[in-house]
Amino acid sequence: MQINQHADRSEVLAGLRAEDIHQWIDGFFNAESFRVFQSKGQRPDYDPYTHRKYRHCVEALEDAYKIFEDRYTRAQIKEVFESHIRDDYQGYIPLQEDFENGTFVEKYHERGGVEEKEAVFSEAELREYFKGASYPESGRSLLSTSFYWRIVWPTVIAAILFVTASFSIILPIFRRNMMEQKRDMIKELTKTAASAISFYVHQEQSGLMTRVSAQSEAASEISELRYGDESKDYFWITDMHPKMIMHPYRPDLSGKDLTNYTDHEDKSGKKLFDEFVKLVKLDGEGYLEYEWQWKDDPSRSAPKLSYVRGISEWNWIIGTGIYIHDVEAEIATLSRNLWVADCLIALILLGILGNLLFQSRRIEQKRSRAEKGLREAKDRYRALVEASGEGSLLEVEGQTVYSNQTIRELTGYSEEELKSMDLLALLAPDEEVNVFAAAQFEKMCAGASTSAEFEAVLQTKKGSTKHIWVSTARIFFSEKQGHVIHFTYLLRSQEDTLRGFNATPSTQASFDGLNQKIRESEAPGDIIRLLGDLPVRLRVLTDQGIRADLLRHIIGLTFDTAIKRFSLLATPPDHPFAVLQLGSSARHEMTLFSDQDSALIFDDVTAEDLVQTRRLMLRFSDELCKRLKQAGWPYCPGGIMAANPKWCLSLSEWKQRFNHWILNATPQSILEVNVFLDIRCAFGESRLVDKLREHILLLTGQNPEFLMHFARNSLLYKAPLTLFGQLKTKQNEGKKTINIKASLKPLETFARIYALKYSLLEVGTCERIQRLQELDLIKDNTAHEICYIIDYLWQLRFYNQLSAEDGLPDFNDEVDINRMNEIERQTLKNVLSQITIIQTKLSYDFLGGVSL
């Protein structure tokens, strides 16, 4: 769609045209080259859809917010952005990673501008085969018993258990907690009243009052005390006989002997006051439940909980109690509320279950018809290919679902055997040409490959080998994807250019010679083949015990050489620019599995030329990043690559970006800027990189508060040790592992922040530490310890990666500690414990205190 068409659509959907947003979304689209492409066809050096993976994706929305938030609300930007993308992708909003997926590219891009092939089946037939229209909808479709056991009955049982728990667990706990609160309250109140009596006891003991007058004053003061919502709760006093000393609401009991007193309302017949005496004699205090007159109303009684406490100096007992009917009232209210809530929940669950059953029934009917249609399509496809002279396999989501007679005769396997076999098992082992074939089969099974043609060597059931030509074509079902694979027998081998690149190298070849061959390569494919030797060479060196720093140096130099040669072969733009290596590649601290962190900086241009210049740079960067990926360095998952418009900026734009990061330091900006503080010029004008580095050091020197924020962030990286100094592991596929890459982070950030503080030009972690040592900024033994820890962890990291079985492991930085012996585990623990000690220097120097 053209810009004005997108604008018309957004005006209808969102109420505004927002042509500036639409132009920005398609801003890197080269319309002129696209017209040439349409008229003359595909060119090897031109992809008309390159711009889409940077602007036609979910990740680009955040950039749109930043650019247009001064003109539109975020809701308007989002609505316009999504309407544009949905119109281009049939209602789907892709992720950036989708553009690296062959399925997505074929579905939305590669079919454009190509004449439609003559349909094998009519539209009516296709609808019949794949939508199941030829199978009439049955009047009734029962759901399976397993559905009820997996969905319906667990929901019903859960509801019943919830109701049961509410009344058997929640209510008793609530009542018990309320009673505990009441007990604590009357105990504290009685202690307070007893302290008032203690005052008069002290007066008597001091000779200031006689006992009679002291007791009279104490009893009078206690009789006036009230508490509670209506200020009608009270205290009483008896002696140890027991005889009533004071009761504010029962003056008729004053002075009476209460030994055998039983309240007529108390059905238990308790001798209350005698029980109080027993409690005080036994423990000096205690609780008792009984029936008693309701406050000041002699005509009414209620359950009561009382607490008594002895006054040993006068042989008195002071007590108070609370009526517990309010607890029962609250329990009754809670019960009613729970019943109401349970009924509402039951109704909602019934509604949800009803809708679930209805929808599941419809889905089950459609699925059943689709399965029947797919089976019929498969049968008709079988009829088409059985008579073919080529061997054919139908692969759906990595599973062989059909094979014709020709391929069965070619391999000697039966149809059932081929269905149960992995595609890779058909390839003959130890055949160089099968390296590429195996990679293609793996991509097909993962759904990540496009249609392709290549040579392979098959191994028959009897063990013989046959050279064949393989061609694959992608097919799409409504919910699945697969490939039709054709095998044609070859009388002779095809050209070696279609073979794999991983030939076994000589372990005696020097890396200088390898880099020289890379520099002399005339085509990207030559470089890729040469780099295929690198893992084997490094494995040999690791087995020979070469130092970790030398391994890092070898990988770093090889990566540098590859970037330079790929850049030259990609025809760099005429305008001055430089490719930046970032993070681990800049520090020369890469493994064989490191991704490519890169950026691009170009000389300032006028505002009118900025878009066109950036487009040229991005075309070059995209070619470079693609070649590096083919050579074994995958794309950065976070998109930090020179081919990303976000990181392809002019010198002024880079300075503005660092101004924002450093002058407005936040925890989020610290995380973003971290990787950009390690930079190295990989190719191009080094003066641009020098100017940018000078600007960074100037900014950090003038803004020490940034270093404080950075220090706090650096201290978030901890050594994987528990509070008691033991190894802190995590579970990975049933294994106890420690991430070595994460263990190196504290040391990398330690060196980085000191390099900023003291304006060091060194980039590598150990190089920075050694420079700090030369400047007497850290002690010699501290520098040696840090470098030793770094080399030890790197040696462990290399060994772990290169000794992994079955190629690239899922967790190539995760070390299984159960594969280490006790001495190795203890050594690792001792090494990691030093990291915490080293970090204390950073804390002292940047967050207050003295240097170590």
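If you're wondering where the values come from, they're calculated on a predicted model, not measured in any experiment. (Residues numbered from 1 in each chain as written. Predicted model: local features only at pLDDT ≥ 70, side-chain atom pairs only at ≥ 80, totals over all residues. Heavy atoms only, no water.)

### A few points about the packing of helix H26 (residues 740-757) against helix H27 (residues 765-774)
Selection rule: Fitted lines through C-alpha atoms give the axes, limited to the stretch in contact for helices. The angle between two N-to-C directions lies from 0 to 180 degrees. Only DSSP runs of H or I covering at least 4 residues are called helices, and only runs of E covering at least 2 are called strands; the numbering of each starts at the N terminus. Angle categories are assigned with fixed cut-offs, so that under 35 degrees is roughly parallel, over 145 is roughly antiparallel, 65 to 115 is roughly perpendicular, and the rest are oblique. If you view the pair so one helix is near and one far, a crossing is left-handed when the near helix is turned anticlockwise from the far one by less than a right angle, and right-handed when it is turned clockwise. Here a residue-residue contact requires only that any non-hydrogen atoms of the pair lie within 4.5 Å. Charged residues are taken to be Asp, Glu, Lys and Arg, nonpolar residues to be Ala, Val, Leu, Ile, Met, Phe, Trp, Tyr, Cys and Pro, and polar residues to be all remaining types, Gly included.
With their axes 9 Å apart at the nearest point, H26 and H27 run at an angle of 50 degrees to one another. Judged on the interaxial angle alone, H27 and H26 are oblique. Here H26 runs over H27; the crossing is left-handed. Taking contact as the criterion, the partners of Leu747, Glu748, Phe750, Ala751, Arg752, Tyr754 and Ala755 in H26 are, on H27, Thr765, Arg768, Ile769 and Leu772. When its residues are assigned to classes, the contact of H26 with H27 shows seven nonpolar, one polar and three charged.

### Remarks on the sheet that holds strand E17 (residues 814-816)
Backbone-to-backbone hydrogen bonds join strands into a sheet, with any given pair of strands oriented parallel or antiparallel. Convention followed: In this description, strands pair whenever DSSP reports at least two bridges between them.
Ordered in space as E15-E16-E17, the three strands form an open sheet in which the pairing is antiparallel. Each edge of the sheet is formed by a strand with only one pairing partner; in this case those strands are strand E15 (730-732) and E17. When strand polarity is set aside, the average angle formed by the axes of neighbouring strands in this sheet is 55 degrees. Direction of pairing for E15 relative to strand E16 (residues 735-739): antiparallel, over a ladder of three bridges. The residue of E16 that forms the bridge with glutamine 731 is lysine 736. Relative to the sheet, H26 contacts E16 and E17, its axis offset from that of E16 by approximately 30 degrees.

### A short note on a nonpolar patch on the surface
For clarity, the threshold we go by: Think of a patch as exposed residues, more than 30% relative accessible area, with no salt bridge, where like charges cluster within 9 Å and nonpolar side chains (Val, Leu, Ile, Met, Phe, Trp, Tyr) cluster within 5 Å. Residue-level accessible areas treat just the shown protein chains as cover; the underlying method is Shrake-Rupley with a 1.4 Å probe. We define a salt bridge as a side-chain nitrogen of Lys or Arg found within 4 Å of a carboxyl oxygen belonging to Asp or Glu.
Together, Trp149, Trp153, Val156, Ile157, Ile160 and Leu161 line one region of the surface with nonpolar side chains, adding up to about 640 Å² of accessible area. Here tryptophan 153 is to be found in helix H9 (residues 145-205).

### Description of the side chain of aspartate 816
Put simply, the test is: Burial classification: accessible surface area is computed with a 1.4 Å probe over protein chains only, and a residue below 20% of its type maximum counts as buried, one above 50% as exposed, and the rest as partly exposed. Counting rule for charge: Lys and Arg are taken as positive, Asp and Glu as negative, and neither His nor the chain ends is counted. Each polar contact in these results corresponds to two N or O atoms within 3.5 Å; when the atoms are within protein, one needs to be able to donate a hydrogen and the other to accept it, and residues that are neighboring in sequence are counted only if both atoms are side-chain atoms.
When you line up the elements, aspartate 816 lands in strand E17. The buried charged residue aspartate 816 lacks any salt bridge, with lysine 735 as its nearest oppositely charged partner at 4.9 Å. A distance of 3.1 Å separates the side chain of aspartate 816 from the backbone nitrogen of asparagine 818, its partner in a polar contact. Each residue touching aspartate 816, except ones within four places of it in the same chain, is listed here: Lys735, Lys736 and Thr737.

### Digging into the sheet that holds strand E12 (residues 598-602)
One open sheet accounts for four strands, arranged E13-E12-E11-E14; its pairing is mixed. Every other strand in the sheet has two partners, leaving strand E13 (648-650) and strand E14 (679-684) as the edge strands with one partner each. Shown here is a sheet whose adjacent strand axes are inclined to one another by a mean of 30 degrees, direction ignored. Pairing geometry for strand E11 (residues 577-582) and E14, over five bridges, is antiparallel. Bridged to leucine 580 within E14 is cysteine 681. Taken strand by strand, helix H22 (residues 651-663) contacts E12 and E13, and its axis lies near 100 degrees from that of E13. Contacting E11, E12 and E14, helix H24 (residues 686-702) crosses the sheet at an angle of about 160 degrees to E14.

### Quick word on H24
Our working rule: Here the expected length of a helix is defined as 1.5 Å per residue gap, with one fewer gap than residues.
The end-to-end C-alpha distance of H24 is 24 Å, a good match for the 24 Å that 17 residues give at a rise of 1.5 Å each. Taken together, the buried positions of H24 are occupied by Leu688, Val689, Leu692, Arg693, His695, Ile696, Leu697, Leu699 and Thr700. Looking at the buried positions of H24, the neighbouring elements they touch are E11, E12, H22, E14, helix H25 (704-714) and H26.

### Considering the pattern of salt bridges
One pass over the full model with this rule turns up 34 salt bridges. The salt bridge involving arginine 309 is made with glutamate 285; its shortest N-O contact spans 3.2 Å. Linking arginine 309 in strand E4 (residues 297-311) with glutamate 285 in strand E3 (residues 285-294), this pair joins segments that are 24 residues apart in sequence. The closest approach of N and O atoms between arginine 825 and glutamate 822, which form a salt bridge, is 3.2 Å. Of the two residues, arginine 825 and glutamate 822 are both situated in helix H29 (residues 822-847); the distance of three residues between them amounts to about one turn of the helix. Arginine 825 gets classed as partly exposed once you look at its relative accessible area, which sits at 22%. Residue classification places glutamate 822 among the exposed positions, given a relative accessible area of 52%. Salt bridges sharing partners connect three or more residues here, namely Arg587, Glu589, Asp678, Glu748, Arg752 and Arg768.

### What to know about the environment of aspartate 597
Considering the arrangement of structural elements, one finds aspartate 597 in the loop between helix H20 (583-587) and E12. Owing to a relative accessible area of 12%, aspartate 597 belongs among the buried residues under this scheme. Sequence separation between aspartate 597 and serine 584 is 13 residues; the distance between their C-alpha atoms is 7.8 Å. For aspartate 597, the residues in contact, after removing those within four places along its chain, are Leu580, Gln581, Leu582, Ser585, Cys636, Ile640 and Val675.

### Things to note about the pairing of strand E1 (residues 235-239)
The two faces of a sheet get side chains in turn, since along a regular strand they alternate between them. Of all five residues making up E1, five are buried, and the element is well covered by its neighbours. Side-chain alternation along E1 places Phe235, Ile237 and Asp239 on one buried face and Trp236 and Thr238 on a second face that is also buried. Direction of pairing for E1 relative to strand E5 (residues 316-323): antiparallel, over a ladder of five bridges. By the bridge assignment for E5, threonine 238 is matched with isoleucine 317. Summarising the sheet, E1 and strand E2 (residues 244-246) pair through two bridges and their orientation is antiparallel. Counted as the bridge partner of isoleucine 237 is methionine 246 from E2. The hairpin turn running from E1 into E2, its antiparallel successor, is four residues long.

Limitation: the analysis is restricted to geometry and does not speak to function.
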